[in-house]
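Observations on the model geometry
Residue-level listing of the chains:
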Amino acid sequence: RGVAAEQQTSSGASVLGLDPVSGLDLSIEDKIFKITLNRPSKFNALTLEMYKGLTDALNAASKDKSTTVTVITGTGKYYCSGNDLSNFAALATAGKEEIRKTAEMAGTVMQAYVQAYIDHEKPLVSLINGPAVGISVTVLPLFDLVLASDAATFHTPFAALGQSPEACSSYTFPHLMGQLNAAEILLVGKKITAEEAQRRGLVNQVFPDTEFAASASKIVSAFSKLPPQSAKICKKLLRDPHRQKLTEINAIETETIKERWQSSECHAAIAAFMSRSKK
Amino acid sequence: RGVAAEQQTSSGASVLGLDPVSGLDLSIEDKIFKITLNRPSKFNALTLEMYKGLTDALNAASKDKSTTVTVITGTGKYYCSGNDLSNFAALATAGKEEIRKTAEMAGTVMQAYVQAYIDHEKPLVSLINGPAVGISVTVLPLFDLVLASDAATFHTPFAALGQSPEACSSYTFPHLMGQLNAAEILLVGKKITAEEAQRRGLVNQVFPDTEFAASASKIVSAFSKLPPQSAKICKKLLRDPHRQKLTEINAIETETIKERWQSSECHAAIAAFMSRSKK
Amino acid sequence: RGVAAEQQTSSGASVLGLDPVSGLDLSIEDKIFKITLNRPSKFNALTLEMYKGLTDALNAASKDKSTTVTVITGTGKYYCSGNDLSNFAALATAGKEEIRKTAEMAGTVMQAYVQAYIDHEKPLVSLINGPAVGISVTVLPLFDLVLASDAATFHTPFAALGQSPEACSSYTFPHLMGQLNAAEILLVGKKITAEEAQRRGLVNQVFPDTEFAASASKIVSAFSKLPPQSAKICKKLLRDPHRQKLTEINAIETETIKERWQSSECHAAIAAFMSRSKK
């Protein structure tokens, strides 16, 4: 169901007020604000417009009084293949100043996107229906509940692509799974299964793919029925000790990746990736 | 064995100086200061008197020169069913000012109780003989060793009861098991088994129920024979980097739960729980 | 292969400039700077000269432009049996002032050694070929990748030896595996297997002993081929949030262990250990 359809079912003015964005479906079902990545032909890769639409949707959901829980999931085989590298395809041929401007702009968009997770006031649930790559993995520790199909995999090949971790993962991943497990994923670039992600604390529960939608839906529905003030206050207590640090790390990681996007290592790695993809 | 019996076996004046408290047994066995929750008819739920007695006992054990290790365990089927909700039964019918005073008083008692764990100078061992609920779970990361029977379960349904996490768990649980596993327990309210608690780092070792007492006793005995100064210094090194933060979080969580206890969400949830319990 | 042999294969002047140290082999193979503990008759126990040699080698490798990854491993059955207690054999019979001077000197050497890990700028890999004891275990969370043979075990009996944790382990171990798992190892002194170390996040991957060298070599080789600037920047992002705290903790732990080395508990424990070893 697209945004147009959802506008008929959604009940909050602040939700209706959101502009439709290609690749994103928004819906309100009972007490659940649901964001669905819907760009399956590109494995739900995130365009700059989708980043902005997600930021707006998260911020609106955070304040929406008609819902108690915010959910993000994907359509098709993938959950999300991460940053759409076509966002940076121009980098290889552009002049230095143009590259700098593009990196600056993309960094600003990404920083606001991550900040929307840091500041989200409601329980936030991710339903990982399939492979997750890059920034769709690194934001996971900023959720409160992550449920995954056993068809999901998790991959963040930052160093191999000449880039660097974002979404506060340089801080949250070591905190979540320990320094060595974090470095193995963020630095070595190891791809892990849903079961392995659960062992590392990156996923709460894994379900057989055929049962995933139904099982996850039941858990989210129960979650949405908790006393809403208490749920928000529990979440606030869990987030507050880290909020300032997360905001600082978001800024540092953004500066770092903007510099990376202007580096020859990154340009060479993206060019090699693009050429492999076309074969 | 009750306090009266123990007074004959205990060797330190500071232990003998402790007033007897209904529901608590204190004993000194060799180098071990043992606190036993003994209110099995109420599943070892904690009355305000028990909180105060435990605080005094922990503080006395911390300074006692005749013992090297402090142990807490329970009598009967339960380890501890947490806060005795009858502490708050009056809230439903009382006037606003009376509720405020009760919340203020109970908050002060609980804050001192938690601080006694933060500041305890000796190795602290929990022997979880059966189900653990609420604050008996949330204090566990403030111990140094947690051994459990496979009859134990762990449950902290704070949000469902209109309340909020205490005992520094909003800080210690994410540090111990990662943000997502912590939120699943403290926010979603999932009840976990002893095996699952071990996988999450909340329990060190799990034993078949029939072998639990003997196996745990052997481990505690060996633990109590370590060079005592070195053991205290190891513990101090492990605690010091977090002590100030723990003290701050204890204060923040106390303010939060005092406010929760005065909320209509909490009153409705407790009333519903009480009425379910009576059926 | 000893240092002399290596000097013929190494390509960087800063590597060649290192003085040979008995018990340490240095080599450069492709993009890999390899440090091998080679004192198998003493289970690769670390003499004060080896601490200094390792510190110099780590600092040189960190700045070396010809290599991208630094690796530490051991020769023979053991990875490393930790601090050579003969470093402290004299303590039992020496006078107070002599003991103070020895403790002061050894503490300074150890602090510089640990700081070399904290400040190392390149991906750092440990290949644990067999049992690891004491400081060879406590530094592991300062690596970026730890691969182990299933013949490896991990043991840090600090309290039992009248000593205290070093190498920032009082901070890194709770961060890595949670407070309770950390205390069980650092305070209770439990020895764990490679599989258990992996479950606790202290080891990334475990291999059958016969396949260890070949499997590890393949992983390290792939790791060394990542874009080097990106790899260094990823590592820097992961380390920076903790670098100041690690440096502070290193100083605190050093002061603590210097005091321990002058304590009668420590002298008695080392004397007992030495006398057991001789039987």
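Residues numbered from 1 in each chain as written. Chains lettered and ligands numbered in written order. Predicted model: local features only at pLDDT ≥ 70, side-chain atom pairs only at ≥ 80, totals over all residues. Heavy atoms only, no water.

**A look at the state of the cysteines**
Put plainly, a disulfide is one covalent bond tying together the sulfur atoms of two cysteines. Here the structure, examined in full by the defined rule, presents zero disulfides over all chains. Cys168 of chain B provides the cysteine sulfur closest to Cys80 of chain B, a residue in no disulfide bond, and the two sulfurs are 17 Å apart. We classify Cys80 of chain B as buried; its relative accessible area is 1%. There is no disulfide at Cys266 of chain C, and the cysteine sulfur nearest it, in Cys234 of chain B, is 11 Å away. (Disulfide = S-S within 2.5 Å. Buried < 20%, exposed > 50% of the residue type's maximum accessible area, 1.4 Å probe, protein only.)

**With respect to the relation of the copies chain A and chain C**
At an RMSD of 0.0 Å, chain A and chain C line up after a rotation of 120° and a shift of 0.0 Å along the axis. Look at the turn and shift together and you get a three-fold axis relating the two. By C-alpha distance to the rotation axis, the residue of chain A lying nearest is His175 of chain A, at 3.8 Å. (Least-squares fit on C-alpha atoms with pLDDT ≥ 70 in both.)

**Thoughts on the pattern of salt bridges**
Pairs can form between side chains of opposite charge whenever their charged atoms are close. Residue and element names in this part refer to chain A. Summed over the entire model, instances satisfying the criterion amount to 48 salt bridges over all chains. Among the salt bridges present, the one from Glu97 reaches Arg100, with a minimum N-O distance of 2.9 Å. With a gap of three residues between them, Glu97 and Arg100 both fall in helix α4 (residues 96-118), about one helical turn apart. According to the relative accessible area criterion, Glu97 is partly exposed, its value standing at 43%. One salt bridge connects Arg260 with Glu265, and the closest N-O pair in it is separated by 3.1 Å. Taken together, the shared-partner salt bridges connect Glu184, Lys190, Glu196, Arg199 and Arg200 into one network. (Salt bridge = Lys/Arg side-chain N within 4 Å of Asp/Glu carboxyl O. Helix = DSSP H or I, 4+ residues; strand = E, 2+ residues; numbered from the N terminus.)

**Some details on the environment of Asp144 of chain A**
Mapped onto the elements, Asp144 of chain A comes out in the loop between α5 (135-138) and β6 (145-149). Residue class for Asp144 of chain A comes out buried when judged on its relative accessible area of 3%. Asp144 of chain A sits 20 residues away from Leu124 of chain A along the chain, and the two C-alpha atoms are 5.3 Å apart. With residues up to four places along the chain from it excluded, the contact list for Asp144 of chain A reads Lys122, Pro123, Leu124, Asn204 and Lys235 of chain A together with Leu180, Ala183, Glu184 and Leu187 of chain B. (Contact = heavy atoms within 4.5 Å.)

**A closer look at the interface of chain A and chain B**
Every contact between the two is made by 29 residues of chain A and, on the other side, 30 residues of chain B. Linking chain A to chain B there are zero salt bridges. For the pair chain A and chain B, the number of links is seven residue pairs in polar contact (both at pLDDT 80 or more). The set of elements that each furnish at least two residues to the side of chain A that touches chain B consists of β6, α6 (169-177) and α10 (228-261) of chain A. No other element matches the 12 residues that α10 of chain A contributes to the side of chain A that touches chain B. Taken together, the residues that form the side of chain A that touches chain B break down as 19 nonpolar, seven polar and three charged. (Polar contact = N/O pair within 3.5 Å; in protein donor to acceptor, adjacent residues only side chain to side chain. Nonpolar A, V, L, I, M, F, W, Y, C, P; charged D, E, K, R; others polar.)

**A word on the relation of the copies chain A and chain B**
One copy of the chain maps onto the second through a rotation around an axis plus a translation along that axis. Rotating chain A by 120° about the axis while translating it 0.0 Å along that axis superimposes it on chain B, leaving an RMSD of 0.0 Å. In this assembly the copies use different faces: only 3% of the residues contributing to the interface of chain A also contribute to that of chain B.

**Regarding the sheet that holds strand β8 (residues 192-193) of chain C**
Hydrogen bonds between backbone atoms are what pair the strands of a sheet, whose relative direction is either parallel or antiparallel. Residue and element names in this part refer to chain C. Strand order in this open sheet of three strands is β5-β7-β8, and the pairing throughout is mixed. Every other strand in the sheet has two partners, leaving β5 (132-133) and β8 as the edge strands with one partner each. Bridge count between strand β7 (residues 153-155) and β8: two bridges; the pairing is antiparallel. Residue pairing across strands places Thr153 opposite Thr193, the latter belonging to β8. (Pairing = 2+ DSSP bridges.)

**Quick notes on the side chain of Glu166 of chain B**
All names here are of chain B. Summarising the element assignment, Glu166 is placed in the loop between β7 (153-155) and α6 (169-177). For the buried Glu166, no salt bridge exists, and the shortest N-O distance to an oppositely charged side chain is 12 Å, to Arg260. Look past the residues within four positions of Glu166 in its chain and what remains in contact with it is Met110, Gly134, Ile135, Thr138, Phe158, Glu253 and Ile257. (Lys, Arg positive; Asp, Glu negative; His and termini not counted.)

**Remarks on unusual backbone geometry**
Of note in the backbone geometry, Cys168 of chain B takes a positive phi value of approximately 70° without being a glycine. Position of Cys168 of chain B among the secondary structure elements: in the loop between β7 and α6. Owing to a relative accessible area of 0%, Cys168 of chain B belongs among the buried residues under this scheme. The residue Asp30 of chain C is not glycine, and still its phi comes out positive at about 50°. Positionally, Asp30 of chain C belongs in the loop between β1 (24-29) and β2 (32-37).

**Things to note about a negative patch on the surface**
Residue and element names in this part refer to chain A. The grouping of Asp150, Glu195, Asp209 and Glu211 at the surface amounts to a negative patch. The topology assignment puts Glu195 in helix α8 (residues 194-199). On the basis of relative accessibility, which here comes to 36%, the residue Glu195 falls in the partly exposed class. (Patch = residues over 30% accessible without salt bridge, like charges linked within 9 Å, V, L, I, M, F, W, Y side chains within 5 Å. Areas by Shrake-Rupley, 256 points an atom, 1.4 Å probe, with all protein chains shown as cover. Charge placed at Lys NZ, Arg CZ, Asp CG, Glu CD.)

**Some thoughts on the packing of aromatic side chains**
Within this structure, the stated rule accounts for 15 aromatic pairs over all chains. Ring centres of Phe43 of chain A and Tyr78 of chain A lie 4.5 Å apart, and the angle between their planes is 40°; on these two criteria the pair is classed as tilted. Here the residue Phe43 of chain A occupies a position in the loop between β2 (32-37) and α3 (48-63), and Tyr78 of chain A occupies one in the loop between β3 (69-74) and α4, the gap between them amounting to 35 residues. Among the residues examined, Tyr78 of chain A registers a relative accessible area of 25% and is labelled partly exposed. Taking the centre distance of 5.5 Å and the plane angle of 50° together, the rings of Tyr117 of chain C and Phe143 of chain C count as tilted. Here Phe143 of chain C lies in the loop between α5 (135-138) and β6 (145-149) and Tyr117 of chain C lies in helix α4 (residues 96-118), a separation of 26 residues in the sequence. With relative accessibility at 1%, the residue Tyr117 of chain C sits in the buried group. Take Phe143 of chain C: its relative accessible area is 1%, and that puts it in the buried class. These aromatic residues form a ring-pair network of at least three members: Tyr51, Tyr113, Tyr117 and Phe143 of chain A. (Phe/Tyr/Trp six-rings, centres within 6.5 Å; stacked < 30°, edge-to-face > 60°.)

**Remarks on the interface of chain A and chain C**
Many authors give the size of an interface as the accessible area that is lost as the parts come together. Between chain A and chain C, the residue contacts involve 30 residues of the former and 29 residues of the latter. Considering only the surface of chain A that becomes buried against chain C, Gln179, Leu180 and Leu187 of chain A emerge as the three largest contributors, covering 32% of it. Between the two partners, chain A and chain C, sit zero salt bridges. The tally of links between chain A and chain C comes to seven residue pairs in polar contact (both at pLDDT 80 or more). Those elements that provide at least two residues to the side of chain A that touches chain C are α6, α7 (179-186) and α10 of chain A. Counting residues per element, the side of chain A that touches chain C draws most heavily on α10 of chain A, which supplies seven residues. (Buried area = accessible area lost by both parts, 1.4 Å probe.)

Everything listed here is a matter of geometry and, on its own, says nothing about what the molecule does.
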